[in-house]
Amino acid sequence: MAPPSGHPDAPPHHAAEQRSAAGEDPAAPAPEAGAATSSPGEPAAPASAGASPVSRQASSAPRGRVVALTGAASFLGRNLIGILEEDPRIARVVAIDIKPPDTGGAKLRLHTVDLTAPASEERVAEVLAAEQVDTLVHLCFLSSPTPATAWAHELESVGTMHLLHGARQASLRKLILWSQTILYGAHPTNPNFLTEKHPLRADPEERFFADKMAAEREFNAFGARTKGTTVTILRTAPILGPTVQNYLTRFLARRLVMTMLGFDPLWQFIHEVDAIAAFKLAIDSDFPGTFNIVGDGVLPLSTIVRLAGRTPLPVLHSAAGPLVSALWAAHAAIAPPSFLRYLRYLCVADGEKAARVMGFRPVYTTREALLDFTSAQRLRDVRLLQETPA
């Protein structure tokens, strides 16, 4: 999934928007790890200083559940906040991010926390205790790869450690982590459907994969050491739909879509609505363990390109690697060369466990998710639909 994009990555003046965790893809160099979110020379803010005025009026004994989300300004975060706001069983929604989401209402309490900062674990502990959070949803992950690998490592891997160190000081009832099925890796020896028992074999040299796999290990270790806290990991298939933006939507938005000559692997998607519904299901009930969240059915890549109305560009895989490496180094590719394996080999996950244990039933099939994205993309192609942030 790493064809040349034909367009350079976003210019540096968009970096502030892209730094918002989880799903906003920083293409320009990000700030140094640990950079504070306050102005230079400002002292560290106390727990309440980063909160909205409404936050400081929070009652000491909320009537209902309190759910906190990292990466609250991301696609998943914004949409989950909107759903949680409408749930009468939820007393407060606590947003932990470096910028506010645009879907908050009366229940939202905003706390500015930079998880790359060394002091963030104390800040997280203060926020969780002050707001009496019972459920923490960790969405602070990039939905697309970035050349700023050092910053991405600080955010996803080190940031997860900071978050969990802070969470240990609070009495959480539940932790939920967003992960992805592409971490299983694309290999010629993969079975038709990968279950949660299969190891994660994505390229460990690729930071986009390695940091997310490290976060999973941290969550599993936390669950093994902490009694009384339910730890749930949701591995979503590539998310597709009319409003989400990630490396996959950019890949399918190109007029010419790179494919590997002689290869036609099966792919699967999860519709954006179904992905959000799975997280709400995990928030509402306790499901310890790891679950694949996927849409029903699979499609060959050749069919996907045809249904998207694009033209395939077959390339010899021996030539594709050096080409994409050069383009990625020049910030002119959607993804690094490690993603080329997904254009050759199978990486399809089995959703049976989520259906059996969680009762998760996707509304959209893989084909329907693709067609819904394609309908919106055609409007964008003729400039009848405005792009929305990821």
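Definitions and limits used
Residues numbered from 1 in each chain as written. Predicted model: local features only at pLDDT ≥ 70, side-chain atom pairs only at ≥ 80, totals over all residues. Heavy atoms only, no water. Helix = DSSP H or I, 4+ residues; strand = E, 2+ residues; numbered from the N terminus. Buried < 20%, exposed > 50% of the residue type's maximum accessible area, 1.4 Å probe, protein only. Contact = heavy atoms within 4.5 Å. Right-handed = clockwise from strand over helix to strand, strands pointing away. Pairing = 2+ DSSP bridges. pLDDT = per-residue confidence, 0-100. Expected span 1.5 Å × (residues − 1). Axes fitted to C-alpha atoms, helices over the stretch in contact; angles between N-to-C directions. Phe/Tyr/Trp six-rings, centres within 6.5 Å; stacked < 30°, edge-to-face > 60°. Lys NZ or Arg CZ within 6 Å of the ring centre and 35° of its normal. Lys, Arg positive; Asp, Glu negative; His and termini not counted. Salt bridge = Lys/Arg side-chain N within 4 Å of Asp/Glu carboxyl O. Parallel < 35°, antiparallel > 145°, perpendicular 65-115°, else oblique. Left-handed = near helix turned anticlockwise from the far one by under 90°. Nonpolar A, V, L, I, M, F, W, Y, C, P; charged D, E, K, R; others polar.

## Regarding the overall build of the chain
Right, so step 1: Secondary structure assignment for the chain yields 12 helices and 13 strands.
Right, so step 2: Each of the 390 residues in the chain was classed as buried or not, and the buried ones make up 55%.
Right, so step 3: A separation threshold of at least 6 residues defines the contact pool for the chain, and within that pool the share at least 24 residues apart is 79%.

## Remarks on the pairing of strand S6 (residues 230–236)
Two faces belong to every sheet, and in a regular strand the side chains alternate between them.
Right, so step 1: Burial analysis of S6 places 7 of its 7 residues in the buried class, the great majority of the element.
Right, so step 2: Residues of S6 alternate between two faces, with Thr 230, Thr 232, Leu 234 and Thr 236 on one and Val 231, Ile 233 and Arg 235 on the opposite face, all of them buried.
Right, so step 3: Crossover connection from strand S5 (residues 174–180) via helix H6 (residues 207–225) to parallel S6: handedness right-handed.
Right, so step 4: As defined by bridge partners, S6 adjoins strand S11 (residues 289–293) across 5 bridges and the pair is classed as parallel. Bridge pairing in S11 places Thr 236 opposite Ile 293.

## Side note on the confidence of the model for the chain
Right, so step 1: Residues at a pLDDT of 70 or more form 82% of the chain, whose mean pLDDT is 86.
Right, so step 2: Segment residues 2–59: pLDDT under 50, and 132 contacts once partners within four positions in sequence are set aside and those in other chains are kept.

## Brief notes about helix H8 (residues 272–284)
Right, so step 1: Under the 1.5 Å per step criterion, the end-to-end length of H8 is 19 Å for 13 residues, consistent within 8% with the ideal 18 Å.
Right, so step 2: Turning to H8, its buried residues number three or more, namely Glu 272, Asp 274, Ala 275, Ile 276, Ala 278, Phe 279, Lys 280, Ala 282 and Ile 283.

## A word on the sheet that holds strand S4 (residues 135–138)
Right, so step 1: Strand order in this open sheet of 7 strands is S3-S2-S1-S4-S5-S6-S11, and the pairing throughout is parallel. Two strands in the sheet have a free side with no partner beyond their single neighbour: strand S3 (108–112) and S11. Within this sheet the neighbouring strands show an average axis-to-axis angle of 20°, counted without direction.
Right, so step 2: Bridging between strand S1 (residues 65–70) and strand S2 (residues 90–97) involves 6 bridges; their strand directions are parallel. Across the sheet, residue Thr 70 finds its bridge partner in S2, namely Ile 96.

## Focus on the packing of aromatic side chains
Right, so step 1: Counting across every chain of the model gives 10 aromatic pairs.
Right, so step 2: Plain terms: the ring middles of Phe 208 and Phe 209 are 5.8 Å apart, the flat faces sit at 70° to each other, and that makes the pair edge-to-face.
Right, so step 3: When the ring of Phe 339 is compared with that of Tyr 342, the centres are 6.0 Å apart and the planes differ by 45°; the resulting orientation is tilted.
Right, so step 4: Owing to a relative accessible area of 1%, Phe 339 belongs among the buried residues under this scheme.
Right, so step 5: Sitting above the plane of the Phe 208 ring, Lys 212 keeps its charged end 3.6 Å from the centroid.
Right, so step 6: The ring of Phe 291 carries the charged tip of Lys 353 above its face, separated from the ring centre by 4.8 Å.

## Quick word on the side chain of Glu 85
Right, so step 1: Relative to the assigned elements, Glu 85 resides in helix H3 (residues 75–85).
Right, so step 2: Despite its burial, Glu 85 pairs with no opposite charge, the nearest such side chain being Lys 107 at 5.7 Å.

## Quick look at the environment of Ala 326
Right, so step 1: Here Ala 326 lies in helix H10 (residues 317–329).
Right, so step 2: Residues Ala 326 and Pro 337 lie 11 residues apart in sequence; the distance between their C-alpha atoms is 9.4 Å.

## Things to note about the packing of helix H4 (residues 120–131) against helix H5 (residues 149–167)
Right, so step 1: Two elements in contact, H4 and H5, have axes separated by 7 Å at closest approach and are oriented at 45°. With respect to their mutual orientation, H4 and H5 come out oblique. Judged by the sense of rotation from one axis to the other, the crossing of H4 with H5 is right-handed. Across the interface between the two elements, Ser 120, Glu 121, Val 124, Ala 125 and Leu 128 from H4 touch His 162, Leu 163, His 165, Gly 166 and Ala 167 from H5.
Right, so step 2: Per-class residue counts for the contact of H4 with H5 are 5 nonpolar, 4 polar and 1 charged.

## Considering the pattern of salt bridges
Right, so step 1: Enumeration according to the criterion identifies 14 salt bridges in this entry.
Right, so step 2: Residue Lys 212 is joined to Glu 156 by a salt bridge in which the shortest nitrogen-to-oxygen separation is 3.0 Å. Here Lys 212, found in helix H6, pairs with Glu 156, found in helix H5; they are 56 residues apart in sequence, far enough to count as distant.
Right, so step 3: Exposure remark for Lys 212: the relative accessible area of 4% places this residue in the buried category.
Right, so step 4: Linked through salt bridges whose partners overlap, the residues forming this network are Asp 87, Arg 89, Lys 280 and Asp 284.

## A closer look at the environment of Arg 367
Right, so step 1: Along the chain, Arg 367 turns up in helix H12 (residues 366–381).
Right, so step 2: With sequence-adjacent residues up to four places away left out, Arg 367 is seen in contact with Leu 299 and Leu 307.

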